[in-house]
Amino acid sequence: MFEILNGDLETYTGDSLFVGLYDHPRNFSEGQLKKLDDLFQGELMNLAKDQALSGRLNKVTVLYTLGKLSVKKIIFVGLGKEKELTTEGFRETTGRAFKKVRPFKMANFAILLDSFISKTFDIDQVASLLSETFALAHYQYDGYKQKTNEPDIEVEKITFLTDTNTDQLNQLINAGFIYGQATNHARTLVNTPGNLLTATDLAEYARNLADKYDFEIEILEKEDLEKLGMGALLAVNQGSEQPPKMIVLKYQAKDEWTDVIGLVGKGITFDTGGYSLKPKDSIVGMKTDMGGAAAVLGAMEIIGELQPKQNVVAVIPSTDNMISGEALKPDDVITSLSGKTIEILNTDAEGRLVLADAVTYAKQHGANYLVDVATLTGGVIIALGNDKTGALSNDGALFDQFLQASKKTDEFVWRFPCTEKDKQRVRGSDVADLNNSPGREGHAIMAGTFIGEFAEDTPWVHLDIAGTSVTSKPTEIGPSGATGVMTRSLAQFVIDFQ
Ligand code: BES
Ligand code: ZN
Ligand code: ZN
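Participant: Help me understand the coordination of the zinc ion (ligand 3) in this model?
Facilitator: Ideal coordination angles are 109.5 degrees for a metal with four donors arranged tetrahedrally and 90 or 180 degrees for a metal with six donors arranged octahedrally. The protein atoms that coordinate the zinc ion (ligand 3) are K266 (NZ), D271 (OD), D289 (OD) and E350 (OE), at distances of 2.0 to 2.4 Å. Every donor counted, the 6 donor atoms about the zinc ion (ligand 3) form angles of 77 to 173 degrees at the centre, which fits octahedral coordination. Expressed as a motif, the donor residue spacing for the zinc ion (ligand 3) is K-x4-D-x17-D-x60-E. Taken as a pair, the zinc ion (ligand 3) and the zinc ion (ligand 2) lie 3.2 Å from each other and share D271 as a ligand. Taken together, the residues K266 in the loop between β9 (260–265) and β10 (267–271) and E350 in the loop between β13 (341–343) and α11 (351–364) connect sequence positions 84 residues apart. As far as the burial class goes, K266 and E350 line up, both buried.

This is the structure in structure tokens:
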């Protein structure tokens, strides 16, 4: 898929060329851009002077070479002012450019790597950002439409043209691509309809990952859950025809099973709300209620590929949330794996129930640190919108580590408070230790606080991705639908963990 070519542009004979263009008056007066301009007898410089070719951030210009070069077209990617460029800006503008690959049917293209380098972005950073962004921006969910007459073009080869090859360049390009690809796999899981992705299917997917990367795997069946006393996951599954699964993957890269990072992902394959039934318009889209599970599986894929020296246990509680004569009801009291009893006030607050047992189980598997990811509340969308993930944590240092990772991946995370008063509200029940829905006020905080009751003293970060896991509009780095959010941040967090 990838190739690194040292040397001149003339030797490259693929379809098109991506060129980075900073907003700079001396654009074509030195380096690779100068060589390019020479091939056009100085015409590029003239275009730039006439403002017909601009390096403004997010400006993408397609130039047909009309036989002057072996490539048919050049796509100039505006990078803006060198000093002002951020990784987010870099991802967006290059993503916007890479979105042209499909409509232009580019099967082979090159990237003039050195043109993207600046004082703040070195070649290594630029290389991995480019391959990651290409994978993300190029993603498409095909779904189940009967094939049209026009076949999609497969990208066969991407050539990185550079004069300054480094030893690790190849590795970085691959790693970036793996980050993007794993995110795409998470996106596809989330986009898959609930009838075609049940808890059993999700378990099968995890089994395939385990086979591929040699993870230890445990899949608890309904009978196992009953034996172990996972009353919270079982309660949510009560109304369903589909059996529940507790999916566990273990990755051990240290000699001892110590410093174990637990990744816990909500795997509700469809959420009707149960007897606290969602209004009909809110039920649509609830196939995506396993976005947390998808992010954890995506992160495990990256971990399996890149083999960081860490210990990780991934725990995914999975079921759908349905209605029947057997289903869980408001007023019911259930007993979780931890022994804590829970009064059900709202069967639509099912995510925190399945996560309660999963968090306890992750601890039983030796997790010393916990990160849970879940499409948990509508409240987080009201609070933060669709581009920010809401967080809660009982440990400032751990949260800070996560925040650093999420800054690298440009997935915005904002921490909510979790006070003693919040805990009292979650503990407010006449008949049980906890209640699962203390009311609308601050309910993203309530949901997180509830999960914190099961994390107890274990350092823990909670991520509510209800707003970020799906987008109704295409972005520069992906189409509408699932975003695969937190796949990259979770993996980055694990890889950088200390
Ligand atoms: N799966 C939903 C949260 C959700 C809402 C995800 C919108 C994606 C988009 C969750 O299980 C839920 O129903 N939460 C309730 C909690 C309430 C009953 C306390 C909510 O947020 O309304
Ligand atoms: Zn719900
Ligand atoms: Zn839900």
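Participant: Mind showing me how you'd approach the pattern of salt bridges here?
Facilitator: When charged atoms on two side chains of opposite charge get close, those side chains can pair. Tallied over the entire structure, the rule returns 26 salt bridges. A salt bridge links K34 to D38, with the nearest nitrogen and oxygen atoms 3.0 Å apart. With a gap of 4 residues between them, K34 and D38 both fall in helix α1 (residues 31–39), about one helical turn apart. Of the residues examined, K34 reaches a relative accessible area of 33% and is grouped as partly exposed. Its salt-bridge partner being E453, residue R427 comes within 2.8 Å of it at the nearest N-O pair.

Participant: Any chance you could explain the coordination of the zinc ion (ligand 2) here in plain terms?
Facilitator: Coordination sphere of the zinc ion (ligand 2), protein contribution only: D271 (OD), D348 (O), D348 (OD) and E350 (OE), at 2.0 to 2.2 Å. Between the 6 donor atoms coordinating the zinc ion (ligand 2), the angles at the centre fall across 72 to 168 degrees, so the site counts as irregular. In primary-sequence terms, the residues that donate to the zinc ion (ligand 2) follow D-x76-D-x1-E.

Participant: Sorry if this is basic, but what is going on with the sheet that holds strand β12 (residues 333–335) here?
Facilitator: Either a parallel or an antiparallel arrangement is found when strands of a sheet pair, and the pairing is made through backbone hydrogen bonds. Ordered by their spatial adjacency, 3 strands build an open sheet running β12-β13-β17, and the pairing between neighbours is mixed. Here the strands that pair on one side only, and so sit at the sheet edges, are β12 and β17 (434–435). Here 2 bridges tie β13 to β17, and the two strands are oriented parallel to one another. By the bridge assignment for β17, E343 is matched with N435.

Participant: Looking at this structure, I do not really get the environment of Y12. What am I missing?
Facilitator: Here Y12 lies in the loop between β1 (2–6) and β2 (16–22). The exposure class assigned to Y12 is buried, which follows from its relative accessible area of 6%. It is 61 Å that separates the C-alpha atoms of Y12 and I323, two residues lying 311 residues apart in sequence. Aside from chain neighbours lying at most four places away, what touches Y12 is L5, S70, V71, N108, F109, A110, T159 and L161. From its side chain, Y12 meets the backbone nitrogen of A110 in a polar contact 3.3 Å long.

Participant: Can you help me understand the packing of helix α10 (residues 291–306) against helix α16 (residues 487–496) in this one?
Facilitator: For any two helices packed against each other, the geometry comes down to the angle between their axes and how far apart the axes lie. α16 packs onto α10 with a crossing angle of 45 degrees between their chain directions and a minimal axis gap of 8 Å. The pairing of α10 with α16 is recorded here as oblique in orientation. For the crossing formed where α10 meets α16, the hand is right-handed. Listed contacts from α16 to A294, A295, V296, G298, A299, I302, I303 and L306 of α10 are T487, R488, L490, A491, V494 and I495. Residue composition of the contact of α10 with α16, grouped by class: 11 nonpolar, 2 polar and 1 charged.

Participant: Quick question: what am I supposed to make of the domain arrangement of the chain here?
Facilitator: One widely used convention gives an interface's size as the accessible area the parts lose upon coming together. Here the domain parsing of the chain yields domain 1 (2–163) and domain 2 (180–496). On the domain 2 side, the residues contacting the 15 residues of domain 1 number 21 residues. Carbon and sulfur atoms make up 56% of the area that domain 1 and domain 2 hide from each other, which totals about 1500 Å². On inspection of domain 1 and its partner domain 2, the count reaches 3 salt bridges. Between D410 and R91 there is a salt bridge, with its nearest N and O atoms 2.6 Å apart. Where domain 1 meets domain 2, there are 12 residue pairs in polar contact (both at pLDDT 80 or more). Looking at the side of domain 1 that touches domain 2, the elements with two or more residues in it are α3 (87–98) and α4 (123–138). Ranked by residues supplied to the side of domain 1 that touches domain 2, first place goes to α3 with 6 residues. Per-class residue counts for the side of domain 1 that touches domain 2 are 6 nonpolar, 3 polar and 6 charged.

Participant: Would you take a moment to explain the packing of aromatic side chains for this structure?
Facilitator: Describing an aromatic ring pair means giving the distance of the ring centres and the angle of the ring planes. Summed over the entire model, instances satisfying the criterion amount to 17 aromatic pairs. Both rings, one in F18 and one in F109, keep their centres 5.2 Å apart while their planes meet at 70 degrees; by these two values the pair is edge-to-face. Remark: F109 occurs in strand β5 (residues 108–112) and F18 occurs in strand β2; sequence separation between them is 91 residues. Grouping residues by exposure puts F18 and F109 together as buried. Ring centres 5.8 Å apart and planes at 40 degrees place the aromatic pair Y213 and F215 in the tilted group. For the pair shown, Y213 and F215 are each scored as buried. Within the aromatic cluster, the residues linked to one another by ring pairs are F18, F98, F109 and F134. The ring centre of F454 lies 5.7 Å from the NZ or CZ of K340, which sits over that ring. R415 extends its terminal NZ or CZ atom over the ring of F399, reaching a point 5.3 Å from the ring centre.

Participant: Would you take a moment to explain the site of ligand 1 for this structure?
Facilitator: Neighbouring ligand 1 are 16 residues; K278, D348, E350, G378 and H443 lie closest to it. For ligand 1, an oxygen atom lies 3.2 Å from a polar atom in the side chain of K266. Here an oxygen atom of ligand 1 and a side-chain polar atom of D348 are 2.7 Å apart. Starting from 520 Å² of accessible surface for ligand 1 in isolation, the protein chains cover 83%.

Participant: Sorry if this is basic, but what is going on with a negative patch on the surface here?
Facilitator: There is a patch of like negative charges on the surface, built from D201, E204, D211 and D214. By secondary structure assignment, the location of D201 is in helix α6 (residues 199–213).

Participant: What am I meant to see in the sheet that holds strand β3 (residues 60–64) here?
Facilitator: The strand order β1-β6-β5-β2-β4-β3 describes an open sheet built from 6 strands, whose pairing is mixed. A single partner strand is all that each edge strand has here, and the edge strands are β1 and β3. Neighbour to neighbour, the strand axes of the sheet diverge by 25 degrees on average, direction disregarded. Where β5 meets strand β6 (residues 157–162), 5 bridges bridge the pair, whose relative direction is parallel.

What counts and what doesn't
- Residues numbered from 1 in each chain as written.
- Chains lettered and ligands numbered in written order.
- Predicted model: local features only at pLDDT ≥ 70, side-chain atom pairs only at ≥ 80, totals over all residues.
- Heavy atoms only, no water.
- Donors = N, O, S within 2.8 Å, 3.2 Å for Na, K, Ca; no water.
- Tetrahedral: all angles 85-135°; square planar, octahedral: opposite > 155°, others 65-115°.
- Helix = DSSP H or I, 4+ residues; strand = E, 2+ residues; numbered from the N terminus.
- Buried < 20%, exposed > 50% of the residue type's maximum accessible area, 1.4 Å probe, protein only.
- Salt bridge = Lys/Arg side-chain N within 4 Å of Asp/Glu carboxyl O.
- Pairing = 2+ DSSP bridges.
- Contact = heavy atoms within 4.5 Å.
- Polar contact = N/O pair within 3.5 Å; in protein donor to acceptor, adjacent residues only side chain to side chain.
- Axes fitted to C-alpha atoms, helices over the stretch in contact; angles between N-to-C directions.
- Parallel < 35°, antiparallel > 145°, perpendicular 65-115°, else oblique.
- Left-handed = near helix turned anticlockwise from the far one by under 90°.
- Nonpolar A, V, L, I, M, F, W, Y, C, P; charged D, E, K, R; others polar.
- Domains from an automatic or database assignment.
- Buried area = accessible area lost by both parts, 1.4 Å probe.
- Phe/Tyr/Trp six-rings, centres within 6.5 Å; stacked < 30°, edge-to-face > 60°.
- Lys NZ or Arg CZ within 6 Å of the ring centre and 35° of its normal.
- Near = heavy atom within 4 Å.
- Areas by Shrake-Rupley, 256 points an atom, 1.4 Å probe, with all protein chains shown as cover.
- Patch = residues over 30% accessible without salt bridge, like charges linked within 9 Å, V, L, I, M, F, W, Y side chains within 5 Å.
- Lys, Arg positive; Asp, Glu negative; His and termini not counted.
- Charge placed at Lys NZ, Arg CZ, Asp CG, Glu CD.

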